[in-house]
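These are the residues of each chain, in order.
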Amino acid sequence: MEFPKPQKYTARVSDSYYVTDNRHFLLVKFELTSPDRFEFSAGQYVSIRIDEAGNRRSYSIASSPDDTHGFTILAEMIPAGVGSSFLAALVPGDGVEVLAPLGRFVVDSTQLLPDSKLLFVATGSGIAPAYSMINDLLVNKHETRPMRLHWGMRGEENLFWFDNFMRLAEEHANFVFDPVLSHPSEDWDLCTGHVQDCLSRDFAEERLVGWHAYICGNPNMVEEVSALVLSLGVQQDAIHTEKFS
Ligand SMILES: Cc1cc2nc3c(=O)[nH]c(=O)nc-3n(C[C@H](O)[C@H](O)[C@H](O)COP(=O)(O)OP(=O)(O)OC[C@H]3O[C@@H](n4cnc5c(N)ncnc54)[C@H](O)[C@@H]3O)c2cc1C
């Protein structure tokens, strides 16, 4: 697969808001100013300059690649984090310098067999690239192969895209959404535990032979889930990962 060469862009904040009441997750929308158009593949990320010294932080693009004039990121707010503080202080109209598009964490259709199935596993803000990839596949590309998402979070209060994924699952019979909570309320009747627990339970019998896995989030989870899906039958070269390190 060919990737466009990354280049520098300037962009302007067009909107910014917390997607959870606890202000742990911030969504920021950017409009490209110069150049004012780019192409990327769902799953890629941008590198944003966060200070005068030229320090940068990487953020996956959560928006769909059919929006070529801007992009959206979804950032977990790390207490006292330099990048987190930079993003939290942005207001509409502020300018940033960005290097994009970066990364190879994409669904490369040339690698897929006609009967390949797609498993997405994300924790926390690792859902950002999966959101772009799943929307791109279902809405833009009308993908009909079986697709499944396990999204792990701590509690209901952080499942900011629950309704969006539920709607996609209702509208696309080939897509199954499995939210997973480690610390749910008493009312939660879906999977409880870590994504590893729920994957082991869901695929104990069916296994994952013929699946491609796209795993994104904190490095420990990515390592553990990679080993798990390998043991459940995913081929090594069908495991695609992005570590938010
Ligand atoms: C390819 C790539 C894509 C990424 N995409 C995203 C994305 O879409 N959304 C997103 O939120 N992040 C993403 N990240 C992570 C992001 O780049 C930053 O590393 C992260 O936001 C922390 O940056 P910071 O400057 O706020 O914290 P820093 O100032 O770098 O760190 C402050 C302190 O917090 C610790 N820390 C850092 N991260 C965490 C964490 N997750 N949990 C607990 N402690 C932590 C550090 O070790 C340090 O002690 C991505 C990383 C990579 C490599």
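Residues numbered from 1 in each chain as written. Predicted model: local features only at pLDDT ≥ 70, side-chain atom pairs only at ≥ 80, totals over all residues. Heavy atoms only, no water.

### Regarding a negative patch on the surface
- On the surface, Glu 156, Glu 157, Glu 186, Asp 187 and Asp 189 cluster together to form a negatively charged patch.
- When you line up the elements, Glu 156 lands in the loop between strand 8 (147-153) and helix 3 (162-171). (Patch = residues over 30% accessible without salt bridge, like charges linked within 9 Å, V, L, I, M, F, W, Y side chains within 5 Å. Areas by Shrake-Rupley, 256 points an atom, 1.4 Å probe, with all protein chains shown as cover. Salt bridge = Lys/Arg side-chain N within 4 Å of Asp/Glu carboxyl O. Lys, Arg positive; Asp, Glu negative; His and termini not counted. Charge placed at Lys NZ, Arg CZ, Asp CG, Glu CD. Helix = DSSP H or I, 4+ residues; strand = E, 2+ residues; numbered from the N terminus.)

### So, the site of the ligand
- Taken together, 19 residues lie near the ligand, and Arg 57, Ser 58, Glu 76, Gly 83 and Ser 84 sit nearest.
- Between the ligand and Val 82 there is a distance of 2.9 Å, counted from an oxygen atom to a backbone nitrogen or oxygen.
- Here the ligand, which alone exposes 940 Å², has 66% of that area covered by the protein.
- Going through the elements one at a time, strand 4 (56-60), strand 5 (70-76), helix 1 (82-89) and strand 12 (239-243) are the ones with two or more residues in the shell around the ligand.
- For the shell around the ligand, the class distribution of residues is eight nonpolar, seven polar and four charged.
- Shared between two domains, the shell around the ligand holds at least three residues of each, these being domain 1 (7-102) and domain 2 (109-243). (Near = heavy atom within 4 Å. Polar contact = N/O pair within 3.5 Å; in protein donor to acceptor, adjacent residues only side chain to side chain. Nonpolar A, V, L, I, M, F, W, Y, C, P; charged D, E, K, R; others polar. Domains from an automatic or database assignment.)

### Observations regarding the packing of aromatic side chains
- Throughout the structure, instances matching the rule amount to 16 aromatic pairs.
- Clustering of aromatic rings is evident, with ring pairs tying together Phe 25, Tyr 131, Trp 151, Phe 160, Trp 161, Phe 162, Phe 165, Phe 175 and Phe 177. (Phe/Tyr/Trp six-rings, centres within 6.5 Å; stacked < 30°, edge-to-face > 60°.)

### Points about the packing of helix 4 (residues 195-202) against helix 5 (residues 219-231)
- At their nearest, the axes of helix 4 and helix 5 sit 10 Å apart, and the two run at 15° to each other. The pairing of helix 4 with helix 5 is recorded here as roughly parallel in orientation. Our pair here, helix 4 against helix 5, has a crossing hand that is right-handed. Each of Val 195, Gln 196, Leu 199 and Ser 200 in helix 4 lies in contact with helix 5, whose residues at this interface are Met 221, Glu 224, Val 225 and Leu 228.
- Of the residues that constitute the contact of helix 4 with helix 5, the class distribution is five nonpolar, two polar and one charged. (Axes fitted to C-alpha atoms, helices over the stretch in contact; angles between N-to-C directions. Parallel < 35°, antiparallel > 145°, perpendicular 65-115°, else oblique. Left-handed = near helix turned anticlockwise from the far one by under 90°. Contact = heavy atoms within 4.5 Å.)

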